[in-house]
Structure formats: C-alpha cells, structure tokens
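A closer look at the structure
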Amino acid sequence: MKTVLIFLMAFFATPALAEGDPVEVWLGLGGCERARVPFRLTVMDDGKVRMSGQFAPQMMDGAIGPDAVSLAFSSWLSRRAPSRQPQFNLSGSADLEAGLLVGTMQGMKECETVVAMRVDLPPAAAQPGLLAKVAGVTNARGILTDADCEAYFGWLAEAGTPSDGPRSGPNINPALGDHARMQAVLGTDIYRWRAEHWVEVRKLAECRRLFSRSDNPRHAEVMAAAQGRGKLIPTPLDQDPDPAASSQWIYAFLMAHADDFTKLEDLLRLAVISPDAVLAGPGGSGPAPVAEPDETGQSWIGVLSCGRGDRFLNVTQTGAEVTLETGPGLFGGVEPALVSMSGRVGDGAFVLDPQEWIVKPSSILGAPEAIGLRGETSGGMAEIQGTIQGSADCTGFRALKQVPPPLTLNAEGLLFQSRIDLDGCVSLAEWLATGSEDRIGRIPFNPLILDDDSIVALFGKPLAHWDAPDVGRFRRMTSECRVALGASAQIAHQTLLTSIPDWTVAPLSTTREGGSSDGWYHYDLIRVMGADAERGRGLQLDEVRAMPAEFGSLAAIDQLVVATANAEGRLRYLRQSSVDAHLHDMTEARKALALRIAESELAALDAHPATLDGLLQAEQDAERSALQFEEHQAPEAAQAVASGFRSFAEARGLLLWNSYLPEFAARLEGLSGADYRHFGEIEQIRDIETTLMRFARPQSAAATRAAYDAHVDIMEATVETLVAASLPGLLAYLDALPLSEAGLAAANDLLATTFPRQTPSPARDALNAAVAAKQAAYNPAGYLRPDVIYGFTRETWDDVEFQGLENLAYIATLLKQLRDSCPMTIQIGDAAMSSYVLRGATDATERVLRGEVQSRSEAQRAVLLMANTLFNQPGCEVDFFGNQTSNCTSPEDHAAAVQLFMTSGPALSDMRRVLAQGCSAPEVAALGRGASRFVELRPYSATLPATPLPRLAAFLQQ
C-alpha cells in the first residue's frame, strides 16, 4: 500500500513535459478595442518559448531576435490535447534593447495586431520555501508548524493595495505581486510556477485545520485577515498552469503588472495605426513614427451645386467598387446618403450612375434622389467637375482628389494614453484656450481643427484619422479634465478653466458613423474646399497683380471683391478671417494697380507740346484721369495724378514763362503813346499771365524772378499811361453809369480790371475817387434795403431781391405801409396785391422745402408760419391732425398771426424814414408808383427788364 501511494504522489507531481528555467518574460496584448487578449511569452533557458493567456498554453517554435520575432505553434503544454483551442503564430518586429515587439497574431478571430514588452525577471529564490517542505508527502499534517502557517497567512494578509488596472476576471490577491515575499514563503514566484507547484500548494490547506484548532488568538486573527483577501489557497495558485482549456493564470500577471498592461493598451492603439510607431516611441530606437497612406483606393471630396445650398460630395473608388456619399454642406443642410455607383472612372472619363442605396435618407418631400455624375477630369484626375443627372435641385459638381500625406504619429499623444493626469489636463486646456471662432458660410468652427501639427503633438494623430474610440477618449478626457482643473487649488488652473468657452470643439466630440453629426461633413469641406479656396486666393492675387494698367482692370477687381464678399465663386469657401485678409490684400493690390495706372497717365502728359494750349490740354487730361479715379473710388491714385500734374505743370509753366516774358516786353513797348482804347492788349497779356500763374509762379523761381519783376513794373507803367491818356472819358463813363446795383458793379469792375494790384498812382486815385462818389450817391438816405426802395423809385427792377420768404415779407410790409398810410400812392387794387403776395408765398414755401433758406431770420419766420398753420387753425372742432381741441382760433386771429409773422422789421424801419416826408413828397409818390409797377410786372412769372448801361467805347472816342 505504501508503495502505491508513493507511486501516485510521484505521478501527480511530475509535469507532462520537462521544464527548464525562464530567462525572459514578455507580457503582451492583442485583440479589438472592446475585447483585449492579454498573453505571456516565457523564454526558457533551453531556448524554447512558452505562450499562455486566456487560452490553452502552447509551445512555440522560433525565436525573438534583435529586430524581428517569428514564433509558430509547436505543441500543447497540457497533458492532453485541448479541443477547440486556437493555435497561434506570431510574427513582427522587435527591439530587444528597448524590450518591445509588435506584430500580428495569426489565429485570433479579428484584430490580429499585438504588442508585447519584456518585464524584469526577479532573481530566483535563494532558499527553499514551504512548497519544498511539503514536496514528496501526501499530507502536510505534522510537517507544517505554527510558524510556517503564520508566515503563510501573514504573506496573504499583509500585501499592499493593488495598482489601478483591469478589474475584469477573478479576484487576485495582491500578495502574488510581492515577488520577494512570495519567494521567502513559498520558495518561488509567479514567473517560475511549475506544474508540480499547484499540487504542493494545496497541501498548505493544512494550516487552516491547524489554526482552527489553535487556542492562540493570534492564529485566528492572522487567518481571518488572510481570508479577508480571498481564498486561503489564492487563485490561480490552486490551478494547473498548463490546462487543456483557458487559464486564469494571466490575471495574476494583469494584477502584478497593471501599469505595464496599461502601457501595452496605449501601445496597441498606436500599433493598430502604425506598427513602426511602437518601436519609435519612448524607449524605442526605430524610425520616426510614420504610416504610409493606403494606396489601394482613391477618393474625391467636393460639393454639389444645388439651389438650396451646396452639399457635401465624396466619391470613393476601391478596386472596381465606387460609392457616392452626399451630406450637409456649409451653405445648406441635407440628410446623409450613400449609394453604390456603376460606370467609368479614369483620365478623361468620369461617368457614374446610381446602382443601389447603401444608406437611404428619409425625405418628407417624396422619394430621395439617386443622382448620376457626368464629369471632366484634369491634371491626373486631381480635379473633377461636371453636371448632375437625376436631380431637380442640383445642377453641377466639383470635387478634388484626396492624396493623403504620410500619417505622422506621436506615441506620447493623449489618445495613446489610458489615463490623463493633471499635467495632461493642463496641456489639453492650454490647447483649447488658444482656439477661437471662424466661419465658412453659415457654419462656425474652431480653427484648431485645422492645425494638424498641434493636434498630432497633443493627441498623437491627425484629426482626419480619428475613429469612434478616439472620439470617446476625447470626450472622457475633457470631462475628467474639467473636474480635475475645477478641483485644483491652483489659481492658474482656475483661470485656465474659465478661459475655455467651448470644450467640445466640433467635430472632435461626435462620431462619423451613422451620420449622427454634420460636424465631420463640415470638417471635410472646411479642410478640403477651404484649402482649395486658400490656393485660389493666392492665384487670384497673382492674377490681379499681373493685370494691365488700365481702368478696366479696376472694374474687374471690383467684381472679384464683390463675389468674395458675397460668398460667390471659387473663393466662397474662404474662412471669414481669410475673407477679411483677402479683401485687405485685394484693396492693397487695387491701390497698387491704380498707382501704376496713374504713373502711365502721367507719363502720357509728356507727349503734349510745350505750348500754353498743350499745357491746358494736359490739364484736361489730368483732370479727366483724376475724375476717372474718383469714379473708380481710387482717391490715392487721384491724388497721385494731381500731385504729379502739379510737378509737371510747374516745370512746363516755367519754360513757358521764359518764352512769354520777352514777348510781353515787346508788346508793352508797342503800346507807347497809346490810350485806354488799347487796353484790350493789356487784358490779353493778363489772361495769359493768369493762365500761367495757375501752373507756375515766376517770382518763386530764381530763373524767372528778375525778368518777371521787371515785367510787372513795365506793365504798371504802361497801364498808368493808358489810363492817364483817357482819364476824362473814363470819368465821364463812370458818371454816366446809373445808380443801380448793375451800375455800381460796372464801376467797381472797371477799377478792379484796370488796376488789379491796387498800387497807388495818380490815374488810379482819380478812378477810385469817382467810383467812391458813385457808391455814396447810390444810397444817400442809408436805407436798410436800398435795392428795394431805390429799385422802385428809380425803376431799376433788376436790383430788387424779391425771392424768398424774407424778401416777400419786406415787400409785403412796404406795400401794406403805403396802402395804410398813403393809399393814393398805390396804383393797383387789393386783388392784384393779394395775388402777388400769394404767388410770393407759394414760391417761398417751395424754396424752403428745397432747403434754399438764405438766412437764419428766414428760417425762423418759416418755422413760425408753419406752427401757426398747424396749431392755430380757424375754428374750434379739430386741430391739423384731426384731434379734438379746446383752443378756438377765429379767422381774424389767424390772419392777424400770419400778418404778424410776415411783418419785416427792416421794412418798418425804412418806411418810417420814407413816410416821415409826408404822402405828398415826390419820393413817396415815386415809391408808390414803382411798387405798383413792380407788382404789375409779375416778377414771379416773367423776367424783369434789365437796367441799360452805357458803352465805355463811346466815351473813349470823345
């Protein structure tokens, strides 16, 4: 019997295969986002590699080399062959120095990408432990001591708190992660756990029986503490490490290396996008993390031009399959749709017809349209544009081929980190705080979404390559960071938190799948069409700067500016900030072009002959150019032309002065002994002088100053001679001029024309005295309105100022004073007088309405009359607005108010002087006759006769 027991113990203690000692342990992770597959690779001292995880453990042929790994299934480690267990083959790249490998695992159902990292293998136990003590016996009763059991239970009870890590799977006691103490108690660790150990460890259950019967309270206490951490034979130590089915042993490593598996999670996300990026990350020595674009297909993104606004368009070709996706645009909304297409796609040919709905949009307007495309390609199909068939609303399309650049990744980006700490939250918040708002069409967006460099630096990969898990991580990060920054005691964190108005940054917080958000459609259009518009902006500026220096070019630029401002044409997809910058650049380019036109216009002035007529023609051309610039709203160019012409005219004018001054001298010399009848020669010379003075002043130039001063002296002496020779006739002419405004004007004009410089001389003094006497004789009584008083008495009708409310008030007051004080002097009836006043009032009202108010007093008189009309209407029923009123105004009171407001103070003053002479005075009689005659002339309907003036020539011939 004893022989049989020993045989059985030896059988169960013997592993199925001979085992060596491990020299390397690699922990790995594979599988899909929501179904990760952890595993362990153990390299034994004989070079063999064991693989275990949530599957039956197996032996692998091959090796992990310096830069590559190649492992293939060899055999099962279990005593019997498992059923329905996967067999794996692992191949990929390795970096032994960094302790990393990445590759694919054939045998997984999906998501074959895997990553693994080498972990530190602790030294083997220096002393045997309890497992060796109970080895070779069937029952540990009598072998284990109280000290042995207290050491065992103490190890189980006193392990620290496990690190944050995966919480799935069985409850694993953290004591298994305390390798040093496990070795001290059991004599081995989880890395070196062999098949015979799971048989021996179960013998330690003897400690429960031993302490359960002990009277020592310490024993009960330590055993209870151990039981509080789980089973007294902890999982998975009580299980075969090499079963024929899945094992729970991998959970011991998940607990012991929680941080490592967290890092593996980050690396696996990176490896799915770019395996090389794993070896190029922190600690790796591989090349820069770059993933080449997928060249198995091609796509075009653009817009459908529709009546209700542009729509999103994406044509994707993968092999022989072509799909057409439409969705909401930046200028119009529509439900997303996806259709498989048939037709031809190639250089020079783009003919696609709808075949089958993949995503069919719902429509309240009837069945959705399945459109066809007929396009023309150019530049290696870089751009396709054409017409649309099958749509009542959409007419054309334009799309640009997408050539994705190499995908640059950042292994340290937040998307590749399982958790975000406070420093990461600060980096995220600082990035969000740099954002702003821009707009294309009706859609606002944050320009941060276009900054791929900053997105890669912070998050790890460009936005165009984000998937649903990335969106989920972004949402989680922003949510956690808002809480973390809000809970921080640092003022800087609080300030940073409040500086971020929008944490969502569309479309970072929405997924592409299912068309649940318009944000990704908008993003693609902002990215693709916005970049195309930026290129178009540069081309347009180049075209504008190369336009010919013609006025028509300014009009062409204006059309382009209007199209950009109205979001029309190719530049309609410019960002609003770029629109503002582009309009500024176009304005500057337009100014530069206008100045080039101005230079051309000024250069053309040199073609005019160096004569006075040529200079006048150049002036007309310059004025025409300046006017054209003003019409084209180019004031800088207009000023440049004006300034350039002034310089041109000054130089040309001085040349003409040099030629004319000798000519003037000869002509003045020819007037020696002549009289005022030859004054026309002087006027001709002065006309030329006046014209030349507009362009150049000879007294200001050294080359002409002396000659011009001499000319002035000769001119004055010659005029003095001419006037002196004809002085009696000139004085007789002045005396014959009528005492009227026209006569005074003729006298003053003679004096000013003859002696414009007003230099004292005998002849000028004589003329000046005669003119002064004429002026004194015009208004000897000093009336305030001599034009009316003497205009009536002297019958100089054209002197009388009668238009306007103020003049009407003066004349009406004069007539009323004459009628009231000296009625016999008035030779017209009341009807004619009233008709005159009424016609004058109508004319004055029209002038007021046109804004032709001559003085403040006239404006005040108009306001008083209007107020009287509005608020003092005759009668007691309603006012001007139809409202009931309690103020009664009689017709007499209303007329009296009108009379008051139309009474002229200057007229009353002048009439007091006139009437003081008595009604029989000749001047009063003459005033009455003249006033009556003036009314009969009907000045508002006919032209008043002008006062005749004598001819000067008749007096010079005497």
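Attention in this report is confined to the structure presented alongside it. Just so you know, these numbers come straight off a predicted model, no measurement behind them. (Residues numbered from 1 in each chain as written. Predicted model: local features only at pLDDT ≥ 70, side-chain atom pairs only at ≥ 80, totals over all residues. Heavy atoms only, no water.)

1. Topic: the pairing of strand E8 (residues 113–119)
With respect to burial, E8 is a largely interior element, six of its seven residues being buried. One ladder, built from five bridges, connects strand E1 (residues 22–32) with E8; its direction is antiparallel. In the sheet register, Val25 faces E8, and the bridge partner there is Val119. Taken together, the five bridges between strand E7 (residues 100–106) and E8 define a ladder with antiparallel strand orientation. Its bridge partner lying in E8, Thr104 is registered against Thr113. Hairpin geometry of E7 and E8 is characterised by an intervening segment of six residues between the two adjacent antiparallel strands and by a positive phi of about 120 degrees at Gly107. (Buried < 20%, exposed > 50% of the residue type's maximum accessible area, 1.4 Å probe, protein only. Helix = DSSP H or I, 4+ residues; strand = E, 2+ residues; numbered from the N terminus. Pairing = 2+ DSSP bridges.)

2. Some points on the packing of helix H19 (residues 635–669) against helix H20 (residues 679–693)
Where H19 meets H20, the axes come as close as 11 Å, and the angle between the chain directions of the two elements is 170 degrees. When the axes of H19 and H20 are compared, the pair comes out roughly antiparallel. Of H20, the residues touching H19 (which contributes Gly653, Leu656, Trp657, Tyr660, Phe664, Arg667 and Leu668) are Glu681, Ile682, Gln684, Ile685, Ile688, Glu689, Leu692 and Met693. Class assignment for the residues of the contact of H19 with H20 results in 10 nonpolar, two polar and three charged. (Axes fitted to C-alpha atoms, helices over the stretch in contact; angles between N-to-C directions. Parallel < 35°, antiparallel > 145°, perpendicular 65-115°, else oblique. Contact = heavy atoms within 4.5 Å. Nonpolar A, V, L, I, M, F, W, Y, C, P; charged D, E, K, R; others polar.)

3. So, the packing of aromatic side chains
Under the definition given, this model contains 28 aromatic pairs. Summarising the aromatic geometry, the rings of Phe645 and Phe695 are spaced 6.1 Å apart at their centres and angled 85 degrees between planes, so their arrangement reads as edge-to-face. Highlighted residues: Phe645 in helix H19 and Phe695 in the loop between H20 and helix H21 (702–725), separated in sequence by 50 residues. Of the two residues, Phe645 and Phe695, both sit in the buried class. In this structure an aromatic cluster arises from ring pairing among Tyr152, Phe153, Trp155 and Phe211. The ring of Tyr810 carries the charged tip of Arg785 above its face, separated from the ring centre by 4.9 Å. (Phe/Tyr/Trp six-rings, centres within 6.5 Å; stacked < 30°, edge-to-face > 60°. Lys NZ or Arg CZ within 6 Å of the ring centre and 35° of its normal.)

4. Some details on the state of the cysteines
Tallying each qualifying case throughout the model produces four disulfides. Between the sulfur atoms of Cys306 and its disulfide mate Cys394 the distance is 1.9 Å. What sets the handedness of the Cys306 and Cys394 disulfide is the S-S torsion sign, and at about 95 degrees it is right-handed. Of this pair, Cys306 sits in strand E10 (residues 297–306) while Cys394 sits in strand E17 (residues 394–401), and the two are 88 residues apart along the sequence. For the pair shown, Cys306 and Cys394 are each scored as buried. A disulfide bridge connects Cys822 with Cys919, and the sulfur atoms are separated by 1.8 Å. Its torsion about the S-S bond being -75 degrees, the disulfide of Cys822 and Cys919 is classed as left-handed. Here Cys822, found in the loop between helix H26 (805–821) and helix H27 (830–849), pairs with Cys919, found in the loop between helix H30 (905–915) and helix H31 (922–936); they are 97 residues apart in sequence, far enough to count as distant. The exposure class assigned to Cys919 is partly exposed, which follows from its relative accessible area of 38%. (Disulfide = S-S within 2.5 Å.)

5. Describing the pattern of salt bridges
Tallied over the entire structure, the rule returns 37 salt bridges. Its salt-bridge partner being Asp148, residue Lys133 comes within 2.4 Å of it at the nearest N-O pair. With Lys133 in helix H2 (residues 130–134) and Asp148 in helix H3 (residues 146–157), this pair connects stretches of sequence that are 15 residues apart. On the basis of relative accessibility, which here comes to 35%, the residue Lys133 falls in the partly exposed class. The residue Asp438 makes a salt bridge to Arg575 at a minimum N-O spacing of 3.2 Å. Separated by 137 residues along the polypeptide, Asp438 in strand E19 (residues 438–440) and Arg575 in the loop between helix H16 (551–565) and helix H17 (576–604) bring together distant segments of the chain. Here the salt bridges share partners, and the residues they tie into one network are Glu383, Arg398, Asp532, Arg535 and Arg570. (Salt bridge = Lys/Arg side-chain N within 4 Å of Asp/Glu carboxyl O.)

6. Examining the sheet that holds strand E2 (residues 35–44)
The sheet built from eight strands closes into a barrel, its strands ordered E1-E2-E3-E4-E5-E6-E7-E8 with antiparallel pairing. Within the sheet, the average angular offset between the axes of one strand and its neighbour, ignoring direction, is 30 degrees. Strands in contact with helix H8 (residues 249–256) are E1, E2 and strand E3 (49–53); relative to E2, the strand with the most contacts, it is inclined by about 95 degrees. Helix H9 (residues 258–273) rests against E1, E2, E7 and E8 of the sheet, and its axis sits at about 145 degrees to E8.

7. Things to note about the sheet that holds E17
Within a sheet, each strand pairs with its neighbour through backbone hydrogen bonds, oriented either parallel or antiparallel. Strand order in the closed barrel formed by eight strands is E10-E11-E12-E13-E14-E15-E16-E17, with antiparallel pairing between adjacent strands. Averaged over neighbouring strand pairs, the angle between their axes works out to 30 degrees when direction is ignored. Relative to strand E14 (residues 349–359), strand E13 (residues 337–346) is paired through nine bridges, and the arrangement is antiparallel. When the bridges of E14 are listed, Leu338 appears paired with Val359. Running over the sheet, helix H15 (residues 519–545) touches E10, strand E11 (311–318), strand E12 (321–327) and E17 and is turned about 85 degrees from E10.

8. A look at helix H23 (residues 741–754)
With 14 residues, H23 extends 20 Å between its outermost C-alpha atoms, agreeing within 8% with the 20 Å of an ideal straight helix rising 1.5 Å per residue. Taken together, the buried positions of H23 are occupied by Gly743, Leu744, Ala746, Ala747, Leu750, Leu751 and Thr754. Projection of H23 onto a plane perpendicular to its axis shows the buried side chains occupying an angular sector of 160 degrees, all on one side. In this structure, the buried side of H23 is in contact with H20, H21, helix H22 (727–736), helix H24 (762–778) and helix H32 (952–956). (Expected span 1.5 Å × (residues − 1). Arc of directions from axis to C-beta.)

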